[in-house]
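Spelled out, the chains give:
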Amino acid sequence: VQLQASGGGLVQAGGSLRLSCAASGRTWSNYGMAWFRQAPGKEREFVAAISRRGGTTDYADSVKGRFIISRDNAKNMVYLQMSSLQPEDTAVYYCAAPPRTYTGIFYQEAEYDYWGQGTLVTVSS
């Protein structure tokens, strides 16, 4: 099981980025997925999650209306489209997957066993 996150970079406030997570090693359409982030000096926090078929999504209040999580099960990919980025969005972003199947989504970091290596997003003011 492997997750590979990419797409981070430096962007000005108000800009956009799309993060990608490539998954391999199992049938990913059976598992929900999520994005977390960790800002410098802070704990890792939930950003967004999507159910295994993509029918259910949810977001942290801080990103609701600005970020969109999506997935392409045919390609084993999960995406995070980020818009209206602000300096407080600066963080390392991680994609994550749980060890078990579930029709809904998980919000807690402890529910996820598989993590990508992280991709750094830096938003300048």
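Refer to the structure printed above.
Residues numbered from 1 in each chain as written. Predicted model: local features only at pLDDT ≥ 70, side-chain atom pairs only at ≥ 80, totals over all residues. Heavy atoms only, no water.

Trainee: Help me out: how do you make sense of the overall build of the protein chain in this one?
Mentor: Per the secondary structure count, the protein chain includes zero helices and eleven strands. Listing the helices and strands of the protein chain from first to last along the sequence gives β-β-β-β-β-β-β-β-β-β-β. What you see for the protein chain is a C-alpha radius of gyration of 13 Å, in line with the 14 Å of a compact globule of 125 residues. Based on the C-alpha atoms only, the size of the protein chain along its principal axes is roughly 40 × 25 × 25 Å. Counting all 125 residues of the protein chain, 45% fall into the buried class. A separation of at least 24 residues holds for 58% of the contacts in the protein chain among residues at least 6 apart in sequence. Across the protein chain, the centroid of the 12 positively charged side chains sits 8 Å from that of the 10 negatively charged ones. (Helix = DSSP H or I, 4+ residues; strand = E, 2+ residues; numbered from the N terminus. Rg over C-alpha atoms; globule rule 2.2 N^0.38 Å. Buried < 20%, exposed > 50% of the residue type's maximum accessible area, 1.4 Å probe, protein only. Contact = heavy atoms within 4.5 Å. Lys, Arg positive; Asp, Glu negative; His and termini not counted. Charge placed at Lys NZ, Arg CZ, Asp CG, Glu CD.)

Trainee: Before we go on, may I ask you to explain the nonpolar core in this structure?
Mentor: Most often, soluble globular proteins have nonpolar side chains that are buried together. Membership of the largest hydrophobic core comes to 38 residues, with the highest contact counts inside it found for Trp-35, Phe-67, Leu-80, Met-82 and Tyr-93. Apart from residues lying up to four places away in sequence, Phe-67 is in contact with Arg-37, Val-47, Tyr-59, Leu-80, Gln-81, Met-82, Ser-83, Leu-85, Asp-89 and Tyr-93. (Core = buried A, V, L, I, M, F, W, Y, C linked by side-chain atoms within 4.5 Å.)

Trainee: Please clarify how unusual backbone geometry should be interpreted in this entry.
Mentor: If a residue is not glycine, its phi is most likely negative; likewise, a peptide bond is most likely trans. Phi is positive for Asn-76, which is not a glycine, with a value near 55°. When you line up the elements, Asn-76 lands in the loop between strand E7 (67-72) and strand E8 (77-82). Here Asn-76 falls in the partly exposed class, since its relative accessible area comes to 26%. Of note in this structure, Ser-84 is not a glycine but carries a positive phi near 50°. In this fold, Ser-84 is placed in the loop between E8 and strand E9 (91-97).

Trainee: I keep staring at the pattern of salt bridges and nothing clicks. Help me out?
Mentor: It is possible for side chains bearing opposite charge to pair when their charged atoms get close. The full count for this structure, using the stated rule, is six salt bridges. Note that Lys-64 is salt-bridged to Asp-61, the shortest N-O span being 3.4 Å. Of the residues examined, Lys-64 reaches a relative accessible area of 45% and is grouped as partly exposed. Residue Asp-89 pairs with Arg-66 through a salt bridge whose shortest N-O separation is 2.7 Å. Here Asp-89, found in the loop between E8 and E9, pairs with Arg-66, found in the loop between strand E6 (57-59) and E7; they are 23 residues apart in sequence, far enough to count as distant. (Salt bridge = Lys/Arg side-chain N within 4 Å of Asp/Glu carboxyl O.)

Trainee: Just to check I follow, could you spell out the pairing of E8 for this structure?
Mentor: The side chains of a regular strand alternate, first on one face of the sheet and then on the other. Counting buried positions along E8 gives five out of six residues, so the element sits mostly inside the fold. Note: strand E3 (residues 17-24) against E8, six bridges, orientation antiparallel. Counted as the bridge partner of Ala-22 is Met-77 from E8. Across six bridges, the pairing between E7 and E8 is antiparallel. Paired with Ile-68 across the strands is Gln-81, a residue of E8. (Pairing = 2+ DSSP bridges.)

Trainee: How should the packing of aromatic side chains be read in this particular structure?
Mentor: Any pair of aromatic rings gets described here by the distance separating the centres and the angle formed by the planes. Summed over all chains, the structure comprises nine aromatic pairs. With a centroid separation of 5.4 Å and 70° between ring planes, the pair formed by Phe-36 and Tyr-112 is classed as edge-to-face. Note that Phe-36 is positioned in strand E4 (residues 33-38) and Tyr-112 in the loop between E9 and strand E10 (114-115), a separation of 76 residues in sequence. With a relative accessible area of 1%, Phe-36 lands in the buried category. With a centroid separation of 4.9 Å and 20° between ring planes, the pair formed by Tyr-102 and Phe-106 is classed as stacked. On the basis of relative accessibility, which here comes to 39%, the residue Tyr-102 falls in the partly exposed class. (Phe/Tyr/Trp six-rings, centres within 6.5 Å; stacked < 30°, edge-to-face > 60°.)

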